[in-house]
Amino acid sequence: DGGITQSPKYLFRKEGQNVTLSCEQNLNHDAMYWYRQDPGQGLRLIYYSQIVNDFQKGDIAEGYSVSREKKESFPLTVTSAQKNPTAFYLCASSPPGQDTYEQYFGPGTRLTVT
Amino acid sequence: AQKVTQAQTEISVVEKEDVTLDCVYETRDTTYYLFWYKQPPSGELVFLIRRNSFDEQNEISGRYSWNFQKSTSSFNFTITASQVVDSAVYFCALSKYGNNRLAFGKGNQVVVIP
């Protein structure tokens, strides 16, 4: 079945450590996105990529980094510079084309940093 | 700037009652898209509807219906005869044409009581 996978579902890290969240899609979508969700809040865009080897900062990119070496993969690294990294992280992708299409989301990774 | 406001944070209804979720948006763009997503307790966002700014027809899909009123910048969502499975957080989102960046509202937590 086509879809988006994120692993792991739960992730625990010590403060000061970098951590990488995985996102893979087999939908043949060009665009991929990373969002952060905090309790009682909507989703906020961290980074997005319209095409392989290219990505742009979203609204809250500070303390995060990404890479897009393959169409299927868009990993997110939460660095030690991120002040409040504990959150729910969602990856999404959308179909290619000039129009604005809906985004399809993965199951999310809940990151806890202590 | 684009902004989405979902004023009601948590709504509780008894099973079989109808529930309407309000979404008010702000944008300077003449062409834009509006979306609704459902986030069940599992965390993954599920796409419900995409509507462009030129299509003001109301839409019905099963027990779900949407009322788009450009004059009041609103895109409201009604669940008819609610069921326990409708318990979730519902997000309204906005995007300009040709740009897949979504601006999300803070969401409505719907609790359906059996």
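Placed above this text is the structure.
A.B. asks: Summarise the nonpolar core; cite the residues concerned and give the values.
C.D. replies: If you look at the biggest cluster of nonpolar residues, it comprises 23 residues, and the most contacted ones within it are Leu 21, Trp 36, Phe 77 and Tyr 90 of chain B. If you list the elements that add at least two residues to this core, you get β2 (10-14), β3 (19-21), β5 (32-39), β8 (64-69), β9 (74-79), β10 (88-96) and β12 (108-113) of chain B. Contact partners of Phe 77 of chain B, with chain neighbours within four places excluded, come to Val 19, Thr 20, Leu 21, Trp 36, Leu 48, Tyr 64, Ser 65, Trp 66 and Tyr 90 of chain B. In this structure, Trp 34, Tyr 64, Val 66 and Ala 87 of chain A belong to the second largest nonpolar core, which totals 21 residues.

A.B. asks: Residue-level account of the sheet that holds strand β8 (residues 76-78) of chain A, with values.
C.D. replies: Each strand in a sheet pairs with its neighbour through backbone hydrogen bonds, running either in the same direction (parallel) or in the opposite one (antiparallel). Residue and element names in this part refer to chain A. Taken in spatial order, the 4 strands line up as β1-β3-β8-β7 in an open sheet, and their pairing is antiparallel. Looking along the sheet, the strands with just one partner apiece sit at the ends: β1 (4-7) and β7 (64-66). Adjacent strand axes in the sheet meet at a mean angle of 20°, parallel and antiparallel pairs treated alike. With 3 bridges joining them, strand β3 (residues 19-25) and β8 adopt antiparallel strand pairing. Pairing of Leu 21 across the sheet is with Leu 76, part of β8.

A.B. asks: Kindly report on the pattern of salt bridges, identifying the contributing residues and their values.
C.D. replies: Residue and element names in this part refer to chain B. Taken as a whole and assessed by the stated rule, the structure comprises 8 salt bridges over all chains. Of the charged contacts, one joins Arg 51 and Glu 59 as a salt bridge, the two residues approaching to 2.4 Å between their closest N and O atoms. When its relative accessible area of 3% is taken as the criterion, Arg 51 is described as buried.

A.B. asks: Lay out the interface of chain A and chain B in plain terms, naming residues and giving numbers.
C.D. replies: The partner chain B presents 22 residues to the 26 residues of chain A that form the contact. For the pair chain A and chain B, the summed buried surface comes to about 2000 Å²; carbon and sulfur atoms form 47% of the total. Sorting the residues of chain A by area buried against chain B places Thr 100, Glu 102 and Phe 105 of chain A first, and these three jointly supply 29% of that buried surface. Across the contact surface, chain A and chain B share 1 salt bridge. Here Arg 101 of chain B ties to Asp 59 of chain A by a salt bridge, and the two come within 2.7 Å at their closest N and O atoms. Our count for the chain A to chain B interface comes out at 4 residue pairs in polar contact (both at pLDDT 80 or more). Going through the elements one at a time, β4 (31-37), β5 (43-51) and β9 (87-94) of chain A are the ones with two or more residues in the side of chain A that touches chain B. Here the element with the most residues in the side of chain A that touches chain B is β5 of chain A; it accounts for 4 residues. Partitioning the side of chain A that touches chain B into residue classes produces 10 nonpolar, 11 polar and 5 charged.

A.B. asks: Kindly report on unusual backbone geometry, identifying the contributing residues and their values.
C.D. replies: Cis geometry is adopted by the peptide bond preceding Pro 8 of chain A, which originates at Ser 7 of chain A and carries an omega value of -10°. Within the secondary structure, Pro 8 of chain A is located in the loop between β1 and β2 (10-13). In this structure, Ala 81 of chain B is a non-glycine residue whose phi angle is positive, near 50°. Here Ala 81 of chain B is to be found in the loop between β9 and β10.

A.B. asks: Report on the side chain of Gln 25 of chain A, specifying residues and quantitative values.
C.D. replies: Residues and elements named next belong to chain A. Turning to its location among the elements, Gln 25 is positioned in strand β3. In terms of polar contacts, Gln 25 uses its side chain to reach the backbone carbonyl oxygen of His 29, at 2.7 Å. One polar contact links the side chain of Gln 25 to the main-chain carbonyl oxygen of Lys 71, over a distance of 3.1 Å. If sequence neighbours within four positions are ignored, Gln 25 has contacts with Gly 3, Ile 4, Met 32, Arg 68, Lys 71, Glu 72 and Ser 93.

A.B. asks: Describe the state of the cysteines, and please don't skip the residues or the numbers.
C.D. replies: All names here are of chain B. Evaluation of the coordinates by the stated rule reveals 2 disulfides over all chains. Across the disulfide from Cys 23 sits Cys 92; the S-S distance is 2.0 Å. Looking along the S-S bond of the Cys 23-Cys 92 disulfide, the torsion reads about -65°, which is the left-handed sense. Of the two residues, Cys 23 is situated in the loop between β3 and β4 (24-26) and Cys 92 in strand β10; the sequence distance between them amounts to 69 residues. With respect to burial, Cys 23 and Cys 92 carry one shared label: buried.

A.B. asks: Please give an account of the pairing of β5 of chain A that cites residues and values.
C.D. replies: Along a regular strand, successive side chains alternate from one face of the sheet to the other. All names here are of chain A. Of the pairings in the sheet, the one linking β4 to β5 comprises 6 bridges and is antiparallel in character. Along β5, the bridge assignment pairs Trp 34 with Tyr 47. Here β4 folds back onto β5, and the loop between the two strands holds 5 residues, one of which, Gly 40, carries a positive phi near 75°. Inspection of the sheet shows β5 paired to strand β6 (residues 54-57) by 3 bridges, in the antiparallel sense. Counterpart to Tyr 48 in the pairing with β6 is Gln 56. A loop of 2 residues connects β5 with β6, the two strands running antiparallel in sequence, and Asn 53 in this loop sits at a positive phi of about 65°.

The rules behind each value
Residues numbered from 1 in each chain as written. Chains lettered and ligands numbered in written order. Predicted model: local features only at pLDDT ≥ 70, side-chain atom pairs only at ≥ 80, totals over all residues. Heavy atoms only, no water. Core = buried A, V, L, I, M, F, W, Y, C linked by side-chain atoms within 4.5 Å. Buried < 20%, exposed > 50% of the residue type's maximum accessible area, 1.4 Å probe, protein only. Helix = DSSP H or I, 4+ residues; strand = E, 2+ residues; numbered from the N terminus. Contact = heavy atoms within 4.5 Å. Pairing = 2+ DSSP bridges. Axes fitted to C-alpha atoms, helices over the stretch in contact; angles between N-to-C directions. Salt bridge = Lys/Arg side-chain N within 4 Å of Asp/Glu carboxyl O. Buried area = accessible area lost by both parts, 1.4 Å probe. Polar contact = N/O pair within 3.5 Å; in protein donor to acceptor, adjacent residues only side chain to side chain. Nonpolar A, V, L, I, M, F, W, Y, C, P; charged D, E, K, R; others polar. Disulfide = S-S within 2.5 Å.

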